Amino acid sequence: MRIVLLGAPGSGKGTQSQRLVKAYGIPQISTGDLLREAVAKGTELGLRAKAAMDAGKLVDDATVLGMIRERIGKSDAATGFILDGFPRNIPQAEALEKMLASLGTPLQAVVLMNLDLGILFKRLTGRRICQECGQVFNIYTSPPPEGKHKLTQRPDDKEEVIGKRLEVYEAQTKPLIKYYEAAGLLRSVDADADVDTVFKSIERAVSQ
Ligand code: AMP
């Protein structure tokens, strides 16, 4: 299975990717995770990307495409992958298409996670991640059991950055909906439901 999960920040791409990884045994390729890892390690790429990430803007295409090329080339991605948070604009989508065409492994589906803007805002402001186990919680909708986790908030989930990220989504990422619709790859799911229900919708959507 080679799919893209497309949707605004907070639409549940990461959570659903993890479910898909378990069910299908293919890797999740999240450019956000790869970038955060590089920032945490203090690599040159991480240092370059940090300012854009902290401001809620996109990291430059060359950096992101280099990372994707390397990750898709790894052996665990040979049988398929879930792209999460990539592509984020038309040039990235075009580059991906070329990359996959040259490998003879085109995308099979692009799943759009549909969610209301108000709900997105709440999901993002409430999101907390356990520093130790990586589990994701929401202080409003799925709070962690008391005292068991060491919670942190992503710097770009702070209220002042969220507005910018949603703006970037509207301006740069949303045009991908039409792009993939025209390619006959787009499948839309209602992302405003519990994790299991959304997961079932995705499974139905990709088997169409
Ligand atoms: P995410 O975890 O997908 O919400 O990504 C967090 C941040 O990483 C974004 O706000 C961007 O600054 C950066 N980022 C992630 N994926 C991309 C991408 N495909 N292109 C450019 N920047 C990205």
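Above this text is the structure in question.
A. Seen up close, helix α8 (residues 175-182). Regarding α8, the residues found buried are Leu 176, Ile 177, Tyr 179 and Tyr 180. Projected down its long axis, α8 shows its buried positions confined to an angular sector of 165°, all on one face. Opposite the packed face of α8, turned more than 90 degrees from it, sit the exposed residues Lys 178, Glu 181 and Ala 182. Contact partners of the buried residues in α8: β1 (2-6), α5 (90-103), β4 (109-114), α7 (159-173) and β8 (186-190). Where α8 ends, the next residue or the one after it, Gly 184, has phi of about 75°, a positive value.

B. Layout of the site of the ligand. The immediate surroundings of the ligand are formed by 16 residues, with Thr 31, Arg 36, Lys 57, Val 59 and Gln 92 found nearest. Arg 36 places a side-chain nitrogen or oxygen 2.9 Å from an oxygen atom of the ligand. Interatomic distance of 3.0 Å between a backbone N/O atom of Gly 85 and a nitrogen atom of the ligand. Computed on the free molecule, the ligand has an accessible area of 480 Å², of which 96% lies beneath the protein chains in the complex. The biggest single contributor to the shell around the ligand is helix α2 (residues 31-41), with 4 residues. In terms of residue class, the shell around the ligand is built from 6 nonpolar, 4 polar and 6 charged.

C. Fine view of the packing of α2 against helix α4 (residues 61-72). Packing of α2 against α4 brings their axes to within 11 Å, and their N-to-C directions diverge by 105°. On the basis of their axis angle, the class for α2 and α4 is roughly perpendicular. Across the interface between the two elements, Thr 31, Leu 34 and Leu 35 from α2 touch Val 64, Met 67, Ile 68 and Arg 71 from α4. Among the residues making up the contact of α2 with α4, the classes are represented as 5 nonpolar, 1 polar and 1 charged.

D. View of empty space enclosed by the protein. This model, assessed by the stated rule, comprises 1 cavity of 30 Å³ or more. Computed from the structure, the largest cavity encloses a volume of approximately 50 Å³. What lines the largest cavity is Val 4, Leu 5, Leu 6, Gly 7, Lys 13, Gly 85, Phe 86, Pro 87, Arg 88 and Thr 173. Here the lining of the largest cavity takes 3 residues from β1, the largest share from any one element. Broken down by class, the residue content of the lining of the largest cavity amounts to 5 nonpolar, 3 polar and 2 charged.

Thresholds applied
- Residues numbered from 1 in each chain as written.
- Predicted model: local features only at pLDDT ≥ 70, side-chain atom pairs only at ≥ 80, totals over all residues.
- Heavy atoms only, no water.
- Buried < 20%, exposed > 50% of the residue type's maximum accessible area, 1.4 Å probe, protein only.
- Helix = DSSP H or I, 4+ residues; strand = E, 2+ residues; numbered from the N terminus.
- Arc of directions from axis to C-beta.
- Contact = heavy atoms within 4.5 Å.
- Near = heavy atom within 4 Å.
- Polar contact = N/O pair within 3.5 Å; in protein donor to acceptor, adjacent residues only side chain to side chain.
- Areas by Shrake-Rupley, 256 points an atom, 1.4 Å probe, with all protein chains shown as cover.
- Nonpolar A, V, L, I, M, F, W, Y, C, P; charged D, E, K, R; others polar.
- Axes fitted to C-alpha atoms, helices over the stretch in contact; angles between N-to-C directions.
- Parallel < 35°, antiparallel > 145°, perpendicular 65-115°, else oblique.
- 1 Å grid on protein atoms, 1.4 Å probe; cavity = no way out; pocket = protein on both sides within 12 Å on 5 of 7 lines; lining within 4 Å.
- Points joined across faces, edges and corners; volume = space filled by probe spheres on them.

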